[in-house]
Amino acid sequence: MSSKVACKFHPDAPLIEDYRAGDQICSECGLVVGDRVIDVGSEWRTFSNEKGGEDKSRVGGAENTLLGSSDLSTIIGPGRGGASFSSDGNAMYNNRRTVSSSDRTLINAFRTISNMADRINLPKTIIDRANNLFKMVSDGKNLKGRANDAIAAACLYIACRQEGVPRTFKEIVAVSTVSKKEIGRCFKLILKAHDTSVELITTGDFMSRFCGTLSLSRDVQKAATSIAKKAVDLDIVPGRSPISVAAAAIYMASQASDDKRTQREIADIAGVADVTIRQSYKLMLPRAAELFPQDFKFTTPIENLPQN
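Residues numbered from 1 in each chain as written. Predicted model: local features only at pLDDT ≥ 70, side-chain atom pairs only at ≥ 80, totals over all residues. Heavy atoms only, no water.

**Student:** Help me get a handle on the state of the cysteines, residues and values and all.
**Tutor:** Following the criterion strictly, the structure yields zero disulfides and no others. Between Cys186, a cysteine without a disulfide, and Cys155, which holds the nearest cysteine sulfur, the sulfur-to-sulfur distance is 8.5 Å. By relative accessible area, which is 0% here, Cys186 ends up buried. (Disulfide = S-S within 2.5 Å. Buried < 20%, exposed > 50% of the residue type's maximum accessible area, 1.4 Å probe, protein only.)

Below you can see the structure in the form of structure tokens.
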């Protein structure tokens, strides 16, 4: 008899493992199917209030292959008894810092990438890709003189694009400590120096995330996706960024439905200015009848849609 854990409503759906909570979750409906049997947490627990108490852990951190063997180290605990000290009273055994400066740079950059990714809820696969990219850039020495934080932010931006879950520059800047201009420069230099390619972003890359954050219905999201795609295919919005076109399409679809959103609400989520949405919307409005899907149920007719 098979002991495979599966969702009772979606037996064939893959399960998502939440390592922090220790749950196995159905990817279709979100049902918590089972708990992890193996505890991957600390082997020991200490309830001592002393900050300098003995470390009960018998294992070190996970090995990082990007650092070679420099992340494997031995920590010598505090000496106890006369055998630990010389005749002068000095400790006979000391911890020695053997991490090279290049590896220290990598360690700090990996920590920066991980912190930024955590703040915008990016999965570990993107963190790993960004770490590999930073290692490649660091070994190539083509970006000497650039701030490591800017390079790390650019690597995270590229990793998001390569993994098919792009984030806007403004989202990366919001969790970084460097300017958008500096991240943009590093982004272009990395693409040029390391022959790295990224897919062109489209309106569809942001649609589901923006609509989900705005709590819009599936019908409005479907209409907004159709509006944005047709507007691009018909060349109604030439030169406009996919983000501003997606935002304008969401505004148009929501205004035609009973689930309306203002330009300010959408602008805050999309990270663009109100006037940017307004400009794209004005270009799309005269041909709105061509853009909406045929099965869309209008609450507000096209002729009654806002003119700006």
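**Student:** Before we move on, could you go through the pattern of salt bridges and cite the residues and values that matter?
**Tutor:** When the charged atoms of two side chains with opposite charge come close together, those side chains can pair. Per the stated rule, a full pass over the model turns up 12 salt bridges. Here Lys135 ties to Asp139 by a salt bridge, and the two come within 3.8 Å at their closest N and O atoms. Here Lys135 pairs with Asp139, and both are found in helix α2 (residues 124-140), just four residues apart, close to one helical turn. Under the relative-accessibility criterion, Asp139 is labelled partly exposed at 49%. Note that Arg264 is salt-bridged to Asp274, the shortest N-O span being 2.9 Å. With Arg264 in helix α9 (residues 263-270) and Asp274 in helix α10 (residues 274-284), this residue pair connects regions lying 10 residues apart in the sequence. (Salt bridge = Lys/Arg side-chain N within 4 Å of Asp/Glu carboxyl O. Helix = DSSP H or I, 4+ residues; strand = E, 2+ residues; numbered from the N terminus.)

**Student:** Explain the packing of helix α6 (residues 204-213) against helix α8 (residues 242-256) residue by residue, including any values.
**Tutor:** Across the interface, α6 lies against α8 with an axial gap of 10 Å and an inter-helix angle of 45°. The angle between α6 and α8 places the two elements in the oblique class. Crossing angle aside, the handedness with which α6 passes α8 is right-handed. In contact with Phe206, Met207, Phe210 and Cys211 of α6, α8 contributes Ile243, Ala246, Ala249 and Ile250. Residues that form the contact of α6 with α8 fall into these classes: eight nonpolar, no polar and no charged. (Axes fitted to C-alpha atoms, helices over the stretch in contact; angles between N-to-C directions. Parallel < 35°, antiparallel > 145°, perpendicular 65-115°, else oblique. Left-handed = near helix turned anticlockwise from the far one by under 90°. Contact = heavy atoms within 4.5 Å. Nonpolar A, V, L, I, M, F, W, Y, C, P; charged D, E, K, R; others polar.)

Any link to function would need more than the numbers given here.
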